[in-house]
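Remarks on the overall topology
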Amino acid sequence: MLNLRPLSPAELLTRAKQALSKNEWDKAKSDLDKILSQHPGHAETLFLLSRVSFELCDEAACLAHLEAATRAAPNSVPLWLAYAERLRHFGKANDALKAFDRAIKLAPKDVKPQADKAQYLQVLGHFEDAEALFRKLLKKHPDETELYRIFLGTKKLKSGDPILRQMTRLWNHPRLNDQGRMQIGFALAKGLEDSGKPEKTFGILAKANAAQQRLAPLPSGPRDADWQIMTQGQDLAHFTPPEKTSDLTPVFVCGMPRSGTTLVEQIIASHSQATAGGELRHALAEAWSMFIKGTKMQPMSEMTEAQLGAWRDRYLALASRDTGATRGVITDKAITSHLIFGLIHHALPGARLIVVHRDPRDIALSIFKNHFPLGTHRYANSLPDIAEAIKLFRHSVTHWKNRLPGVIHEVRYEDLVTDPEPQARALIEAAGLDWEDQCLDFHNSKAEVKTLSLAQVRQPIHAGRRAAWKKYETEMQPFIEAWGDTPWD
């Protein structure tokens, strides 16, 4: 006999969470709606519905559910922080700052709400306000190593700044663990270099990178495994662009980290018909989700128009959600998009491909000097591993230039900063746009910059960032030896 007993709210909640873990958004929404019909003010259900609405690209519902959740649980700091992050994501800066302030008021002694607000102020370009908040936090919490690293992302310290003394004290603390050594090491190295003591930085950087490598080791196995999977899946396909049109035209800006992709993106996004997307990552993530089974990609030559259309529509929906744009050019500088240039060119109407090159020695130095979120870019903690990663990227670009002749526009960072206007004009043309003089005034933009380069792109283009590696030529020898006889350009 069938059990027709309706599921209880607790059972529905469990089933909804299981659906969420499988990315089954519609199933999760159905069960969560049933719970809400019985318990209209259930904060957890409202929060989960906001997650579902976000994945379904429904901004209004996402924010409405979060607002209702904060009304249902007005003293929940995590809820206010989640609300602030979503408001931030959707470009509602004033409301996001108010939500951060509400979380801070509820937990005035907690570091996270204030640190999150300070970091957001950096993203908005409000560097003085961010500095004031960071210095206040560091005075109260001088042992919070991560605060120093985030703060110095947009601040150059002068010699004698008390922050330098605080960081040196922490660096020399006998009980400093790897997490702390990683955080304070990257910060202290930058602070010493900025304050005129570059000779002390590389030894600290080496120890900070070694600590991060211990926390997130480079996985064993072939370094080009993902590239092999993706290129083999696209190997026998044809890459004829679609005849369809789209209101959104994605421009993929690819390059190694610290190669100048943010500069290129900001030049394009300064155009009146363009919007910066940052590292969207959706193209590869959705391709992996839809077309990868085990260690093989479904051959692109066997993909149906329905499959390609589902990938295309999902990418464009997510890109629109994350940029707020419904028409015109959007930039996407997700580094790994080069793995699927063939799929992008064949399935996305009007898509443009731009690759940024820079002297590998400058790329390597900048990567080694910068902290990346733990678990990402794991090659970044070893100079020989960085050399191999750059070579793999170059190999991929060469492969796609041969497969897609005349499709990829290439720009050299050194040429761009030395002679900006003709290079910028070529970029705008490659993006399918007409020239506008404001494209060289990107540094005056008030838009958010979601990148390690958020301080630099608030400055005009200048040529002072070339050949920085020469200052550390001796320390860079492990990279230079690993690079071997490969041409530099």
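See the structure shown above.
Computed from a predicted model, the values in this text were never measured in an experiment.

Rules used in this analysis
- Sequence order sets the numbering: in each chain, residues are counted from 1 along the sequence as written.
- Selection of residues for local features in this predicted model requires a pLDDT of at least 70, selection of side-chain atom pairs for listing and counting requires 80 or more, and totals for whole chains, interfaces and linings are taken over all residues.
- Values reported for side chains reflect all heavy atoms of the structure, with hydrogen atoms and water molecules removed beforehand.
- To qualify as a helix, a DSSP run of H or I must reach at least 4 residues; to qualify as a strand, a run of E must reach at least 2; elements of each kind are numbered from the N terminus.
- Under the scheme applied here, a residue whose accessible area is under 20% of the maximum for its type counts as buried, over 50% as exposed, and between as partly exposed, the area being computed with a 1.4 Å probe on protein chains only.
- Any two residues having at least one pair of non-hydrogen atoms within 4.5 Å are treated as being in contact.
- Accessible areas in this description were obtained via Shrake-Rupley with a 1.4 Å probe; residue shielding takes into account the shown protein chains only.
- When charges are counted, Lys and Arg are positive and Asp and Glu negative, with His and the chain ends excluded.
- By convention, the charge on Lys lies at NZ, on Arg at CZ, on Asp at CG and on Glu at CD.
- The term salt bridge refers to a side-chain nitrogen of Lys or Arg lying within 4 Å of a carboxyl oxygen of Asp or Glu.
- Note that the arc is defined by the directions from the helix axis to the C-beta atoms.
- Counting of polar contacts relies on pairs of N or O atoms within 3.5 Å, with two restrictions inside protein: one atom must be capable of donating a hydrogen and the other of accepting it, and residues adjacent in sequence are counted only when both atoms are side-chain atoms.
- Side-chain rings of Phe, Tyr and Trp, where Trp is taken by its six-membered ring, are said to pair if the distance between their centres is within 6.5 Å; with planes under 30 degrees apart they count as stacked, over 60 as edge-to-face, and otherwise as tilted.
- Working rule for helices: expected span equals 1.5 Å times residues minus one.
- Pairing between two strands is assigned when DSSP locates at least 2 bridges connecting them.
- As used here, the term nonpolar core means buried Ala, Val, Leu, Ile, Met, Phe, Trp, Tyr and Cys residues forming a set that is joined through side-chain atoms within 4.5 Å.

Here the focus is the overall build of the protein. When helices and strands are counted, the protein shows 22 helices and seven strands. The proportion of buried residues among the 489 residues of the protein is 51%. Taking all contacts inside the protein whose residues are at least 6 apart in sequence as the whole, residues at least 24 apart take part in 71%. For the protein, the exposed area adds up to about 23200 Å²; of that, 50% sits on carbon and sulfur atoms. Separation between the mean location of the 64 positive side-chain charges and that of the 59 negative ones in the protein comes to 6 Å.

For side chains bearing opposite charge, pairing can occur when the charged atoms are close. Applying the stated criterion across every chain yields a total of 32 salt bridges. One salt bridge in this structure joins K190 and D194, with 2.5 Å as the shortest N-O distance. Here K190 and its partner D194 are both found in helix α11 (residues 178-194), four residues apart, which amounts to about one turn of the helix. Look at K190 and you get partly exposed, because its relative accessible area is 27%. By sharing partners, the salt bridges in this structure join E131, R135, K155 and D161 into a single network.

Before going further, it helps to spend a moment on helix α10 (residues 162-171). Turning to α10, its buried residues are I163, L164, M167, L170 and W171. Buried residues of α10, seen end-on, are gathered within an arc of 125° and therefore sit on one face of the element. A side-chain oxygen of the first residue of α10 lies 2.8 Å from the backbone nitrogen of I163; this N-cap is D161.

Two numbers describe a pair of aromatic rings. These are the distance of the centres and the angle of the planes. Summed over all chains, the structure comprises twelve aromatic pairs. Pairing F100 with Y120 gives two aromatic rings, centres 6.0 Å apart and planes at 50°, and the pair type is tilted. One end of the pair, F100, is in helix α6 (residues 93-106); the other, Y120, is in helix α7 (residues 111-123), with 20 residues separating them in the sequence. Across this residue pair, the class does not change: F100 and Y120 are buried. Seen from their ring centres, W311 and Y315 are 6.4 Å apart, and the 20° between their planes marks the pair as stacked. With W311 and Y315 both in helix α16 (residues 305-323) and four residues apart, this pair spans about one turn of that helix.

All right, on to α7 then. Compared with the 18 Å implied by 1.5 Å per residue over 13 residues, the 18 Å span of α7 between its first and last C-alpha is a close match. In terms of residue burial, α7 counts as a mostly covered element, since eleven of its 13 residues are buried. Every buried residue of α7 is accounted for by V111, P113, Q114, A115, D116, K117, A118, Y120, L121, Q122 and V123. Directly after α7, the chain includes G125, whose backbone phi takes a positive value near 85°.

Our next topic: the side chain of R314. Its location among the elements puts R314 in helix α16. For R314, the contacting residues outside a window of four places in its chain are W25, E55, C57, E286 and M290.

A separate point is the environment of A73. Residue position: A73 is located in the loop between α4 (59-72) and α5 (77-89). As a C-alpha pair, A73 and A43 span 30 residues in sequence and 6.2 Å in three-dimensional space. For A73, the residues in contact, after removing those within four places along its chain, are A43 and L79.

With five of six residues buried, strand β6 (residues 352-357) lies mostly within the body of the structure. Sheet topology places strand β1 (residues 248-254) next to β6; four bridges connect them, and they run parallel. By the bridge assignment, V251 is partnered in β6 with R352. Judged from the five bridges that link them, β6 and strand β7 (residues 408-412) form a sheet pairing that is parallel. Each residue of the ladder has a partner; that of I354, found in β7, is H409.

On to the nonpolar core, then. Ranked by internal contacts, the top residues of the largest apolar core, which has 132 residues, are M167, W311 and F479. Contacts of F479, omitting those with residues within four sequence positions, involve P360, R361, A364, L383, I386, A387, I390 and W488. Core analysis: the next-biggest nonpolar cluster, separate from the first, contains 22 residues, I267, V411, L416 and L433 among them.

Within the secondary structure, I163 sits in helix α10. Separated by 133 residues in the primary sequence, I163 and S30 place their C-alpha atoms 52 Å from one another. Apart from the residues within four sequence positions on either side, I163 is in contact with R135, L138, Y148, F151 and L157.

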